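Spelled out, the chains give:
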Amino acid sequence: MPDSPSELTGEDLETWAALATVLEWLPPALDAQLQRDAQLTHFEYGVLYALAAAPEGTLRMSVLAGYANSTLTRLSRAAARLESRGWLRRTPDPTDGRYTLAIITEDGQEKVRQATPGHVEVVRRLVLDRLTTSQTRQLREISQRIARAIRDEGGWAPSG
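Residues numbered from 1 in each chain as written. Predicted model: local features only at pLDDT ≥ 70, side-chain atom pairs only at ≥ 80, totals over all residues. Heavy atoms only, no water.

> How do you make sense of the overall build of the protein chain when you look at a structure like this?
In terms of helices and strands, the protein chain carries six helices and three strands. The principal-axis extent of the C-alpha atoms belonging to the protein chain is close to 60 × 35 × 30 Å. Burial analysis of the protein chain (160 residues in total) assigns 23% to the buried set. For the protein chain, the share of sequence-separated contacts (at least 6 apart) that also reach a separation of at least 24 residues comes to 53%. (Helix = DSSP H or I, 4+ residues; strand = E, 2+ residues; numbered from the N terminus. Buried < 20%, exposed > 50% of the residue type's maximum accessible area, 1.4 Å probe, protein only. Contact = heavy atoms within 4.5 Å.)

Here is the structure:
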C-alpha cells in the first residue's frame, strides 16, 4: 500500500499501535485492582478522589462531569451507586437551585483513604516504575499536549 495522508505507516503506525494498546489495556487493569481491593471502578474512584480533593469535599455535578469527561447521565448513575453505599450525597446547590452538588461523606473519605494505597501501587507498577524520571516528565508533557488537542479547557489536575 502506498503511503498517503489517509493511512498510518512505519513509525507513525508503530507509535499509534503502542498508544492504542495502552489505552485499551490500562483501564481494565486499573478497574480490576480497584474492584478486587475496594469494590470500586476506576471511574467511581476518580469521582471520590476529586471530591476528596475539592474544597469542603464538594463539587457541582456539572464540574465533576467535566473533570471525569463524563455525561451527566453516566455521572448520575455512578453517584447513585456511591450514594447507596453511603460514600457520597447529592443536594441542590443553595446558591443556584438549577445545579446539584456532590458531597463526599466521611465514609467516602475513608473509602478513598482505604483504596488509594493499592491504586498507587498498581499505577507505579504498571506505569511509573517502568519509566525513567525523564520519561515520566515526557509522558506527562505528551499527555497534557494530547489532552489540550482534544479539549481546550483541560481536565482535572492536582492542586499545587
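On we go from here.
> Explain the side chain of Gln-33 to me, please; I cannot follow it from the model alone.
Within the secondary structure, Gln-33 is located in helix α1 (residues 10-38). Overall, the relative accessible area of 3% leaves Gln-33 in the buried class. If we skip the residues at most four places from it in the chain, Gln-33 touches Ala-38, Gly-118, His-119 and Val-122.

> Can you walk me through the sheet that holds strand β2 (residues 88-92) in this structure?
As a general point, the strands of a sheet are linked pairwise by backbone hydrogen bonds and lie either parallel or antiparallel. The three strands are arranged β1-β3-β2 in an open sheet whose pairing can be described as antiparallel. Of all the strands in the sheet, just β1 (58-60) and β2 have a single pairing partner and so form its edges. Within the sheet, the average angular offset between the axes of one strand and its neighbour, ignoring direction, is 25°. Sheet analysis places β1 next to strand β3 (residues 100-104), joined by three bridges and oriented antiparallel. Paired with Thr-58 across the two strands is Ile-103, which belongs to β3. (Pairing = 2+ DSSP bridges. Axes fitted to C-alpha atoms, helices over the stretch in contact; angles between N-to-C directions.)

> Mind showing me how you'd approach unusual backbone geometry here?
The phi angle of most residues is negative, glycine excepted, and most peptide bonds adopt the trans form. Non-glycine residue Gln-39 carries a positive phi angle of around 55°. If you trace the backbone, Gln-39 turns up in the loop between α1 and α2 (42-53). Residues other than glycine seldom take positive phi values, yet Asn-69 does so here, at roughly 50°. When you line up the elements, Asn-69 lands in the loop between α3 (61-67) and α4 (72-84).

> Got a minute to help me understand the side chain of Lys-111 in this structure?
Turning to its location among the elements, Lys-111 is positioned in helix α5 (residues 106-126). Glu-110 provides the closest opposite charge to the buried, salt-bridge-free Lys-111, at an N-O distance of 8.6 Å. From its side chain, Lys-111 meets the backbone oxygen of Ala-38 in a polar contact 3.1 Å long. Side chain to side chain, Lys-111 and Gln-114 meet in a polar contact 3.0 Å long. Contact partners of Lys-111, with chain neighbours within four places excluded, come to Ala-38, Gln-39, Leu-40, Leu-48 and Trp-87. (Lys, Arg positive; Asp, Glu negative; His and termini not counted. Salt bridge = Lys/Arg side-chain N within 4 Å of Asp/Glu carboxyl O. Polar contact = N/O pair within 3.5 Å; in protein donor to acceptor, adjacent residues only side chain to side chain.)

> Explain the packing of α2 against α4 to me, please; I cannot follow it from the model alone.
Any two packed helices are characterised by how steeply their axes cross, that is the angle between the axes, and by the distance between the axes. Interhelical geometry of α2 versus α4 gives an angle of 80° and a closest axis separation of 10 Å. Put simply, α2 runs roughly perpendicular to α4. Residue-level contacts link Phe-43, Glu-44, Val-47 and Leu-48 of α2 to Arg-74, Leu-75, Ala-78, Arg-81 and Leu-82 of α4. (Parallel < 35°, antiparallel > 145°, perpendicular 65-115°, else oblique.)

> Looking at this model, I keep getting lost on the packing of aromatic side chains. Mind explaining?
Geometry of an aromatic ring pair is reported as the spacing of the ring centres plus the angle between the planes. Summed over all chains, the structure comprises one aromatic pair. Arranged with centres 5.7 Å apart and planes meeting at 35°, the rings of Tyr-45 and Tyr-49 form a pair that is tilted. Separated by four residues within a single helix, Tyr-45 and Tyr-49 lie in helix α2, roughly one turn from each other. For Tyr-45, a relative accessible area of 5% gives the class buried. The ring centre of Tyr-99 lies 3.8 Å from the NZ or CZ of Arg-60, which sits over that ring. Here the guanidinium or amino end of Arg-74 rests over the ring plane of Phe-43, the centre of that ring lying 3.7 Å away. (Phe/Tyr/Trp six-rings, centres within 6.5 Å; stacked < 30°, edge-to-face > 60°. Lys NZ or Arg CZ within 6 Å of the ring centre and 35° of its normal.)

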